[in-house]
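Summary of the model geometry
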Amino acid sequence: MNDQADLIAERIAAIQARIEAAAIRARRVPAEITLIAVTKTHPASRIAHVLSAGVLDLGENRVQEAEEKQGCFAAATPPRWHLIGHLQRNKARRALGLFDLIHTVDDLRLAETLNRLIAEDTHSGQRRLPILLQVNVSGEATKEGFALIGGVQSANWPAFVATVRQIVALPFIHVQGLMTIAPYSDDLEGVVRPCFRSLREVRDRLAAEVPDGDWRHLSMGMSGDFEIAIEEGATLVRVGTAILGER
Ligand SMILES: *Cc1c(COP(=O)(O)O)cnc(C)c1O
């Protein structure tokens, strides 16, 4: 063990304790929540420390970078790779072979492209690709995600549900829930918590209106706000800086 490995292991232990405490506060089962270590921009050597510390879910935001890093691992227990950055349609084919869960599907054409590529690939075993739908409920953080400002109150709701129905119906796509990025704000109670709560309300309403979908996951919460996200129902938290330091 070197210093870097010890430091990363200590930070991970501290975060896992905070995840557990937040879950208990919210009367949730801690095992429902998965910590994703966001390793973007960090070298493969550091990712090895993350894996040694027992975190096997890794988040990357670029196809190219994930491809380069994945070549560095031949672990006994292979990690699960999460795509948490925007996916361009022209990179969809490469992403298919790299990621276990794509968090950032935010338009019908991208979903249709992924579906078609799997259908055409006779070596895929015609698996269903797990994805999350990225939703923008606050309008501030990013331009990405289905625009649903105000959540279930949005005037876009009927069009959004119609699109979600089309995606859920794609045979090689397995929608497993929703993802959001909160606005960057110090106002955790006034801005960040309402954003997470809004995503949960969207999920609950979809579960009622699109019951043939699988709505198990809410991917929300980063280094500065993962405890609030857990209190509001997160099942996947994406933590980078608090584990690996500044990028
Ligand atoms: C970089 C990133 C994270 C991690 O952010 P930290 O503040 O470093 O924890 C989480 N989610 C997404 C979508 C990201 O791009």
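This text follows the structure it describes.
Below: a short report on this structure. (Residues numbered from 1 in each chain as written. Predicted model: local features only at pLDDT ≥ 70, side-chain atom pairs only at ≥ 80, totals over all residues. Heavy atoms only, no water.)

Time to look at the environment of Ile 131. Among the secondary structure elements, Ile 131 is positioned in strand β5 (residues 129-136). Look at Ile 131 and you get buried, because its relative accessible area is 0%. Residues Ile 131 and Val 175 lie 44 residues apart in sequence; the distance between their C-alpha atoms is 5.0 Å. Apart from residues no more than four positions distant in its own chain, Ile 131 is found in contact with Leu 101, Ile 102, Val 105, Ile 167, Ile 173, His 174, Val 175, Gln 176 and Gly 177. (Helix = DSSP H or I, 4+ residues; strand = E, 2+ residues; numbered from the N terminus. Buried < 20%, exposed > 50% of the residue type's maximum accessible area, 1.4 Å probe, protein only. Contact = heavy atoms within 4.5 Å.)

A separate point is helix α6 (residues 157-168). Between its terminal C-alpha atoms α6 stretches 16 Å, which fits the 16 Å expected from 12 residues at 1.5 Å a residue. Residues of α6 that are buried: Trp 157, Phe 160, Val 161, Thr 163, Val 164, Ile 167 and Val 168. Down the axis, α6 shows its buried residues gathered within 165° of arc, on one side only. (Expected span 1.5 Å × (residues − 1). Arc of directions from axis to C-beta.)

On to the environment of Arg 94, then. Following the sequence through the fold, Arg 94 ends up in helix α4 (residues 92-98). C-alpha separation for the pair Arg 94 and Pro 183, spaced 89 residues apart in sequence, amounts to 30 Å. Excluding residues that lie within four positions of it along the chain, Arg 94 makes contacts with Val 63, Gln 64 and Glu 67.

A few words on the pairing of strand β4 (residues 101-105). With 5 of 5 residues buried, β4 is to be regarded as a mostly interior element. Examined bridge by bridge, strand β3 (residues 80-83) and β4 share 2 bridges and lie parallel to one another. From the neighbouring strand, His 82 faces β4, where its bridge partner is Leu 101. Of the strand pairs in this sheet, β4 and β5 are connected by 2 bridges, and their pairing is parallel. From the neighbouring strand, Ile 102 faces β5, where its bridge partner is Ile 131. (Pairing = 2+ DSSP bridges.)

Remember, this is a structural readout, not a statement about activity or role.
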